[in-house]
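Topology and contacts: notes
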Amino acid sequence: MKYDAKNYAQAFAALESKTDLIKKLFSVMRKNGDLSQSIKTVKEVEKLHVKKIGGHLIEVEFARAQDSKTREKVLSQFGKHDRVITRVMPDLVAGARITTDGEYELDMSLSGRLEKLFA
Amino acid sequence: MVNMNSICRSLADWKNFLHNMSYEIVEKLKREIAGFKDDPKVRSVGTVIEAADGIARISGLSGAVSQELLEIETHGGEKIAAVAFNLDEEFIGAVLLGEASRVSVGNRVTGTGKVLSIPVGNELVGRVISPLGVPIDGKGALASEVRPHQGGRTSLRLMPLERAAPDVVSRQSVREPLHTGIKAIDAMIPIGRGQRELIIGDRQTGKTAIALDTILNQRNESKPVVCIYVAIGQKQSKIAQIERRLREAGAMDYTVIVSAPAGLPAPLLYLAPFAGAAIGEHFMDSGRDALVIYDDLSKHADAYREMSLLLRRSPGREAYPGDIFYLHSRLLERAAKLDEAHGGGSLTALPIIETKLGDVSAYIPTNVISITDGQIYLESNLFYQGIRPAVNVGLSVSRVGSSAQTKAMKKVAGKLRLELAQFRELAAFVQFASDLDDATRAKIARGELLTEVLKQPDASPLPFYHVVPVLYVVLNGYLDGLTKEKVRDFETRFIEYLEARHKEDLLGPLASSGVLDETLEAVLKKTIEQYHAINPAN
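Just so it is clear, the model here is predicted, and its values are computed rather than measured.

Many analyses report the size of an interface as the accessible area lost when the parts associate. Examined at the domain level, chain A breaks down into domain 1 (5-52) and domain 2 (57-118). Here the C-alpha centre of domain 2 of chain A lies 28 Å away from the C-alpha centre of domain 1 of chain A.

The subject of this paragraph is helix α12 (residues 416-426) of chain B. All names here are of chain B. Looking only at α12, the buried set comprises Leu416, Leu420 and Phe423. Summarising the axial view, the buried residues of α12 lie within an arc of 55°, below the 170-degree limit, and thus occupy one face. Projecting away from the buried face of α12 at angles above 90 degrees are the exposed residues Leu418, Ala421 and Glu425. Close packing links the buried residues of α12 with α3 (183-188), α11 (407-413), α13 (438-453) and α14 (464-475).

With that settled, the discussion passes to unusual backbone geometry. Residues and elements named next belong to chain B. Note that the residue after Asp295, namely Asp296, is joined by a cis bond; omega there is 0°. Residue Arg388 is joined to Pro389 through a cis peptide bond whose omega torsion reads 5°. As for its position among the elements, Pro389 is in the loop between α10 (380-384) and β17 (397-398). Of note in the backbone geometry, Leu61 takes a positive phi value of approximately 50° without being a glycine. When you line up the elements, Leu61 lands in the loop between β2 (55-60) and β3 (68-73). Non-glycine residue Ala319 carries a positive phi angle of around 70°. Tracing the sequence through the fold places Ala319 in the loop between α7 (297-310) and α8 (324-332). Overall, Ala319 belongs to the partly exposed group, with 13 C-beta atoms counted inside 10 Å.

With that settled, the discussion passes to the packing of helix α16 (residues 503-513) of chain B against helix α17 (residues 518-534) of chain B. Residue and element names in this part refer to chain B. α17 packs onto α16 with a crossing angle of 140° between their chain directions and a minimal axis gap of 10 Å. As far as their axial angle goes, α17 and α16 are oblique. Considering only the axes of α16 and α17, their crossing is left-handed. Residues Asp505, Leu506, Pro509 and Leu510 of α16 lie in contact with α17, whose contacting residues are Leu520, Val523, Leu524 and Thr527. Along the lines of polarity and charge, the residues of the contact of α16 with α17 split into six nonpolar, one polar and one charged.

As a further point, take the packing of helix α6 (residues 266-285) of chain B against α7 of chain B. Residue and element names in this part refer to chain B. At their nearest, the axes of α6 and α7 sit 8 Å apart, and the two run at 135° to each other. Regarding the angle of α6 to α7, the classification is oblique. Of the two elements, α6 crosses α7, and the hand of that crossing is left-handed. Residues Ala266, Pro267, Leu269, Tyr270 and Pro273 of α6 lie in contact with α7, whose contacting residues are Lys299, His300, Ala303, Tyr304, Glu306 and Met307. Split by residue class, the contact of α6 with α7 holds eight nonpolar, one polar and two charged.

If you look at the interface, chain B gives twelve residues, while chain A gives eleven residues. With five residues, the single largest contributor to the side of chain B that touches chain A is strand β1 (residues 42-52) of chain B. Considering only residue class, the side of chain B that touches chain A consists of four nonpolar, five polar and three charged. Pairing between strand β4 (residues 104-109) of chain A and β1 of chain B: three bridges, direction antiparallel. Bridge pairing links Leu106 of chain A to Val42 of chain B in β1 of chain B.

Calculation criteria
- Chains are numbered independently. Their residues run from 1 in the order of the written sequence.
- Each chain takes a letter, starting from A, and each ligand takes a number, starting from 1, following the order in which they are written.
- Two thresholds apply to this predicted model, a pLDDT of at least 70 for residue-level local features and 80 or more for giving and counting side-chain atom pairs, whereas whole-chain, interface and lining totals are computed over all residues.
- In this document the domain limits rely on a domain assignment from an automatic tool or a database.
- Counting other C-beta atoms within 10 Å of a residue's C-beta gives its exposure: the residue is buried at 20 or more, exposed at 12 or fewer, and partly exposed in between, where C-beta atoms are placed from the backbone.
- Counting from the N terminus, the helices are DSSP H or I runs at least four residues long and the strands are E runs at least two residues long.
- Along the arc lie the directions from the helix axis toward the C-beta atoms.
- For the purpose of contact definition, each residue receives a C-beta atom placed from its backbone, and two residues are in contact when these atoms lie within 7 Å.
- Note on geometry: axes are C-alpha line fits, over the in-contact stretch for helices, and angles between N-to-C directions span 0 to 180 degrees.
- An angle counts as roughly parallel when it lies under 35 degrees, as roughly antiparallel when it exceeds 145, as roughly perpendicular when it falls between 65 and 115, and as oblique in every other case.
- The sense of a crossing depends on the near helix, which, turned anticlockwise from the far helix by less than a right angle, makes the crossing left-handed and, turned clockwise, makes it right-handed.
- Amino acids outside the nonpolar list (Ala, Val, Leu, Ile, Met, Phe, Trp, Tyr, Cys, Pro) and the charged list (Asp, Glu, Lys, Arg) are all regarded as polar, and Gly is one of them.
- Think of it this way: DSSP has to see at least two bridges between two strands before they count as a pair.

What follows is the structure, encoded as structure tokens:
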């Protein structure tokens, strides 16, 4: 039977004590020849965990690197259960773009505005 | 330090540039920029998590609807269109309509809220377009572009590729003939406007030739028909040849070619007939008559099978997906004859199916046979015997066309099918003809004459008012005794004679009324006698 990243993540999330099981998870994946799915699996585990504690997976993309003060200010806008990932994306030209749970996007970047203008 | 000279020079350049630009363009742009309101809103997005073989799996976009047009933003900033096909619990299976190699994992996907549409209008006539409605004949963009959001005036409109077929209330029965110009078909398997008639046969039996002759014949028609030829999975060289042939004959003046050659990815082959149907529907909706030829639906089914297997849909018989019947039925149901309240337009469909070794009981042929209103069955044996078009009259049928057949043709050709059937029964005895009684010998001779007269070369369709007198002559025994070799010669001379001497009193009234009444029949009889008097040899 072929398992996908989601199956591994669900099985892992269902187990109680996680710390000593991480190694075992990857051993099982290696045995099944599914190590290529490890990054996907980690992401899925993260997604499931955030969902379980009632938070959201937030991705904030800035056009250029922010100083720690601005970054902290932005991060403080989200709930304590949210998992916030920040990233630098020069393609945005200026501004920022926020994605929630990989599903909803708030685009406040210059590239997005220009695109809207000339659409 | 800023160099003032360079600033002045660049300002002068800028000024020159602005002067060179058209005033209208600048004004329009100014208005757009001034009126632009930036109102950032949360929108639904997705991410490509898998991309291969022209198929992408997308996570997110949980609000996407089936058949929705999606846009994938590639890393290069380019946008590639895709159509949502499989709506799974976790993912969307989408088919890519652009260059699949540019799509990679992690690309952002947005929904458009629209279904796939193409621009349609009178400007498409005479053009060769891709299944997405883009002209590919090197003659430039379409004359007027579609910009409804900018309030631009246009004669083109967007038509969805998938649209529900006209309902029962808006239809009327098929009652107007669509002449193919092929004697055997117009006489025995008549096609009506709004009908779906399948052309089926093995490779190299003349299926496309029949379709092309039908297009060529429309230039003889008093009520014009817009033709749409959809090439699905054909060789580029063949499509180019067809386009050249139609252009040389002047048929591109009323024809659109939708080209989806074999080199295109399966999703585009899949979309091609729907694009053809959408174009045809535009003309039908505007009260005109249209004819769409799907050449061929076997390759279309193969393309759909490829897509479905890549989308991991369960394979069924011959590995086709379970909805292959529905795919063709919903396409062919769009052919219709609308009632007067809906404009009275029509869309006739001539789907083509290629059989393997004459096996009409295979999955796709039986499906399409059951969907259509009849079939023209072409046989390799007849083709190699020199009987061209190689129509097997016994297996061919038109279920609704007889009510649409021109009255004159109906009157003349009524007993043609019967006489040919009798001939086929007796054909086995042809070689023992000397031992047979006179009546049987006469039937065989008549059958041979009829077979000969129904032969017709490629690209030479005949208008019905030429076919009626020729068939009248043969079926009423005026040619009895004539050798088979002389039949073609007789036909050519007789038509020339009618055109030269009886255009006013016979061909003209026949063409305009479509009826061979007693007066015209008397004229025809007299004409035949006169012709025989002048040409006693034939």
